[in-house]
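Topology and contacts: notes
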Amino acid sequence: MSNSYFQFKQFRIEQDACAMKVSTDACIQGAWTPVTSSVKTVLDIGAGTGLLSLMIAQRNEHAIIDAIEIDPSATKQANENFIRSPWSERLCVQNFDIRQIDFNRKYDLIVCNPPFFGNSLLGERTQRNIARHTLSLSQEDLFQALEVNLAPDGYASILLPVTEHGAWRQLLKDRNWKIFHELHIVPRSGLKPNRIVSLCSRNDLTFFQQEELLIRDSQNNYTPEFIHLLRPFYLNL
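Definitions and cut-offs
- Residues numbered from 1 in each chain as written.
- Predicted model: local features only at pLDDT ≥ 70, side-chain atom pairs only at ≥ 80, totals over all residues.
- Heavy atoms only, no water.
- Phe/Tyr/Trp six-rings, centres within 6.5 Å; stacked < 30°, edge-to-face > 60°.
- Helix = DSSP H or I, 4+ residues; strand = E, 2+ residues; numbered from the N terminus.
- Buried < 20%, exposed > 50% of the residue type's maximum accessible area, 1.4 Å probe, protein only.
- Lys NZ or Arg CZ within 6 Å of the ring centre and 35° of its normal.
- Core = buried A, V, L, I, M, F, W, Y, C linked by side-chain atoms within 4.5 Å.
- Contact = heavy atoms within 4.5 Å.
- Pairing = 2+ DSSP bridges.
- Axes fitted to C-alpha atoms, helices over the stretch in contact; angles between N-to-C directions.
- Parallel < 35°, antiparallel > 145°, perpendicular 65-115°, else oblique.
- Left-handed = near helix turned anticlockwise from the far one by under 90°.
- Arc of directions from axis to C-beta.

Glancing now at the packing of aromatic side chains. Two numbers describe a pair of aromatic rings. These are the distance of the centres and the angle of the planes. Applying the stated criterion to the full structure yields 11 aromatic pairs. When the ring of F8 is compared with that of Y234, the centres are 6.2 Å apart and the planes differ by 50°; the resulting orientation is tilted. Residue F8 is found in the loop between β1 (5-7) and β2 (12-14), and its partner Y234 is found in the segment after α7 (224-230); the two are separated by 226 residues along the sequence. Just as F8 is buried, Y234 falls in that class too. On the numbers, 5.6 Å between centres and 90° between planes, the contact of F103 with Y107 is edge-to-face. With respect to burial, F103 and Y107 carry one shared label: buried. Taken together, the ring pairs in this structure connect F6, F8, F11, W87, Y222, F226 and Y234 into an aromatic cluster. If you follow R12 out to its NZ or CZ, it ends over the ring of Y5, 3.7 Å from the centre. When the ring centre of F143 is taken as reference, the NZ or CZ atom of R175 above it lies at 5.6 Å.

Right, dumping it as structure tokens:
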């Protein structure tokens, strides 16, 4: 059974009311996604516990972060996590369907750890199915949300399993968007990547970067690269 909370160095995530708990992959996305001083506005689509919003707030002391969550229980818990954090005045979460809301601002950065699975067997829990499966947010829906809400020079950070990321890459290509940076996450030495965090933009950038992050070595210890990335957040690194 998952813990009812996850304690980070500068904030705490309560997660008992959320279908999707804190995951290593999401922590990697929150720590790795570039958040420079030029990023003033951020939109977190499918905020869940509020993890990505809180990690970005810690990394950028000026960014205003709006979070959207379709599940009322998760929205309430994310709001409580925001209120208890040191950055509550810069964080806002609302219970909306991203497909049915219009914002009065365009965002410099959009982050999303979307529902992964489009053709897999559903479980018995509706809340978890919505969080894990593309019942409420297909890849086409996600793209439309980026198209409408991303600033002209903005970029988006999306976390997906390898297979689903292939479909996402093709969707972007078909619509003349570009992926300009990918992080391939390898869970353990000897295995292949199982998740990809990609950065995409509508701009035709002339460069492409790809890197790999190994989480655990052959002795099942965290690698130096993982420790360096997550040390600002994890208590015991």
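Turning next to the nonpolar core. Core analysis: the largest hydrophobic core is formed by 68 residues, its most contacted members being W168 and L230. Excluding its chain neighbours within four sequence positions, the residues that come into contact with W168 are Q139, L142, F143, L146, I158, L160, I179, S198 and C200.

Moving on, we get to the sheet that holds strand β8 (residues 178-188). What the eight strands build is an open sheet, ordered β5-β4-β3-β6-β7-β9-β8-β10; its pairing is mixed. Either end of the sheet is taken by a strand with one partner, and the two such strands are β5 (91-95) and β10 (209-216). Between one strand axis and the next, the sheet turns through 15° on average, direction left out of account. In this fold helix α6 (residues 162-174) packs onto β7 (150-161), β8 and β9 (195-201), with an angle of close to 155° to the strand it touches most, β7.

Looking now at the packing of helix α5 (residues 139-149) against α6. In helix packing, the relevant descriptors are the interaxial angle and the interaxial distance, both defined with respect to the helix axes. For the pair α5 and α6, interaxial distance at closest approach is 11 Å and the crossing angle is 50°. In terms of their interaxial angle, α5 and α6 are classed as oblique. Here α5 runs over α6; the crossing is right-handed. Here Q139, E140, L142, F143 and L146 of α5 lie close against α6, whose contacting residues are E164, A167, W168, L171 and L172.

Now for α5. Helical periodicity: at 3.6 residues per turn, an α-helix aligns residues three or four positions apart in one direction. For α5, the set of buried residues is Q139, L142, F143, A145, L146 and N149. Down the axis of α5, the buried side of the element spans an arc of 155°, and every buried residue falls inside it.

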